[in-house]
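# Examination of the molecular architecture
Single-letter residue listing:
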Amino acid sequence: MTQEKWIDKGAINKVAQILKKKNYKKIFLITGKSSYELSGAKSKIESLCTGKDFVRFFNFSQNPKIEDAIEGIREFKSFSPDLIIAIGGGSVIDMAKVINILSANTGDLEFKIKNNQILEKKSCDLVAIPTTAGTGSESTHFAVLYINKTKYSLAKPSLLPEYAIVDSDFILNLDKYILVSSGLDALCQSIESFWAKNANTESRDYAFKAMNLLFPTLIELATNRNDELVGKMCLGSNYAGMAINISKTTAPHALSYALTSYYNIPHGRAVAFFMGKF
């Protein structure tokens, strides 16, 4: 599956072009609880969606749980949208992917997830707009979901969003703690992708580009913010996402989920905790 993607300052305005492309009328908007307003996304996205019907879903955990997904599916089906717009961090985009694909499946969803029986079909098109620079979820065909503190990964080509918009304006004023956490995730993704057993020439090219951007930029961004640095961070993060979309991640990521699930350590920091030893 191919993806239309825009990575640039002010790229959020491409939403108008997307809405016009297929004349989408009903939008299921999936956002973070506070990041939606703090990032500046609320005013921009709602202005661009003027004249469209939309419902916002945001009352879910930072690390998506099956209970949250089921509630989202209930609201999604009640509204019957023709487009999902996910705007937030990696967990928000993962939740959008999960709702989109699970809402098109029937039966015992928990059983299907645990036994890898989720069907490929999904309900509608998806626009992914990250407000952090780190997960690369906007350009991967994976999603993470927790069932009783156990992490399950969904991997289906249809999980790749049809559209990805990476706008550096949303990252410029990001909280430093979140910025560093998400940046560490992207950096670890690129390193793991490079040595992953499923890596190939294409994924290593993306991973190398990501590392070249992220290593110096992440350090400088901790004390200095400007459009150029944030733009590099966004691009590096997307390259890292494209790399793991091919190669997947490795042991540091696998081990990190327990720290996040049991101790609420942010994902990027949890992964980085293991990276030095590996």
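Residues numbered from 1 in each chain as written. Predicted model: local features only at pLDDT ≥ 70, side-chain atom pairs only at ≥ 80, totals over all residues. Heavy atoms only, no water.

## Observations regarding the overall build of the chain
In plain terms, the rule: Here a helix means four or more residues in a row that DSSP labels H or I, a strand means two or more in a row labelled E, and each is numbered from the N terminus. Computation of the radius of gyration draws on C-alpha atoms alone. For the globule rule, the value is 2.2 Å times the number of residues to the power 0.38. Summary of the burial criterion: residues with accessible area below 20% of their type's maximum are buried, those above 50% are exposed, and those between are partly exposed, where the area comes from a 1.4 Å probe applied to protein chains only. Any two residues having at least one pair of non-hydrogen atoms within 4.5 Å are treated as being in contact. The charged-residue count follows a simple rule in which Lys and Arg add positive charge and Asp and Glu add negative charge, with His and chain termini not counted at all. Think of each charge as sitting on NZ of Lys, CZ of Arg, CG of Asp or CD of Glu.
Looking only at helices and strands, the chain features eleven helices and eight strands. What you see for the chain is a C-alpha radius of gyration of 17 Å, in line with the 19 Å of a compact globule of 278 residues. With the C-alpha coordinates aligned to their principal axes, the bounding extent of the chain is approximately 50 × 40 × 35 Å. Within the chain, the fraction of its 278 residues that count as buried is 54%. In the chain, the share of contacts with a sequence separation of at least 24, taken over all contacts with a separation of at least 6, comes to 77%. Separation between the mean location of the 33 positive side-chain charges and that of the 27 negative ones in the chain comes to 3 Å.

## Section: helix α1 (residues 14-21)
The line we're drawing: By construction, the arc corresponds to the directions joining the helix axis to the C-beta atoms.
Every buried residue of α1 is listed here: V15, I18 and L19. For α1, the arc enclosing every buried residue in end-on projection is 100°, short of the 170-degree limit, so these residues lie on one face. On its buried face, α1 is in contact with β1 (4-7), β2 (26-31), α3 (41-48), β4 (83-88), β5 (125-130) and β8 (163-166). Following α1 by one or two positions, N23 adopts a phi angle in the positive range, close to 55°.

## Remarks on the confidence of the model for the chain
Heads up, the rule is: For every residue, the predictor assigns a confidence score, pLDDT, that lies between 0 and 100.
Of all residues in the chain, 100% attain a pLDDT of 70 or more, and the chain-wide mean is 94. Averaged pLDDT values for the elements of the chain fall to 89 in helix α2 (residues 35-38) and rise to 98 in β2.

## Comments concerning the pairing of strand β7 (residues 150-155)
What counts is decided by this rule: At least two bridges found by DSSP between two strands are what make those strands a pair.
Here strand β6 (residues 142-147) pairs with β7 via six bridges, running antiparallel. Among the inter-strand pairings, V144 is bridged to a residue of β7, identified as S153. Counting the residues that bridge the hairpin from β6 to β7 gives two residues, and of these N148 lies at a positive phi of roughly 50°.

## Brief notes about the packing of helix α8 (residues 201-221) against helix α9 (residues 227-247)
Convention followed: What counts as an axis is a line fitted to C-alpha atoms, over the stretch in contact for a helix, and the angles between N-to-C directions run from 0 to 180 degrees. Take the far helix as your reference; a near helix turned counterclockwise from it by less than a right angle gives a left-handed crossing, and one turned clockwise gives a right-handed crossing. Each residue is assigned to one class: nonpolar for Ala, Val, Leu, Ile, Met, Phe, Trp, Tyr, Cys and Pro, charged for Asp, Glu, Lys and Arg, and polar for all the others, Gly among them.
Where α8 meets α9, the closest approach of the two axes is 7 Å, and the angle between their N-to-C directions is 145°. The hand of the α8/α9 crossing is left-handed. For the contact of α8 with α9, the residue count by class is 16 nonpolar, five polar and four charged.

## A few points about helix α7 (residues 176-195)
The cut-off we apply is this: In a helix, the anticipated span is given by 1.5 Å times the number of residues less one. Any pair of nitrogen or oxygen atoms within 3.5 Å is treated as a polar contact; in protein, a donor-acceptor pairing is required on top of that, and neighbouring residues in sequence qualify only through side-chain atoms on both sides.
For α7, spanning 20 residues, the distance from its first C-alpha to its last is 29 Å, which sits close to the expected 28 Å at 1.5 Å a residue. In terms of residue burial, α7 counts as a mostly covered element, since 14 of its 20 residues are buried. Capping the start of α7 is the job of one residue whose side-chain oxygen sits 3.0 Å from the backbone nitrogen of Y177: D175.

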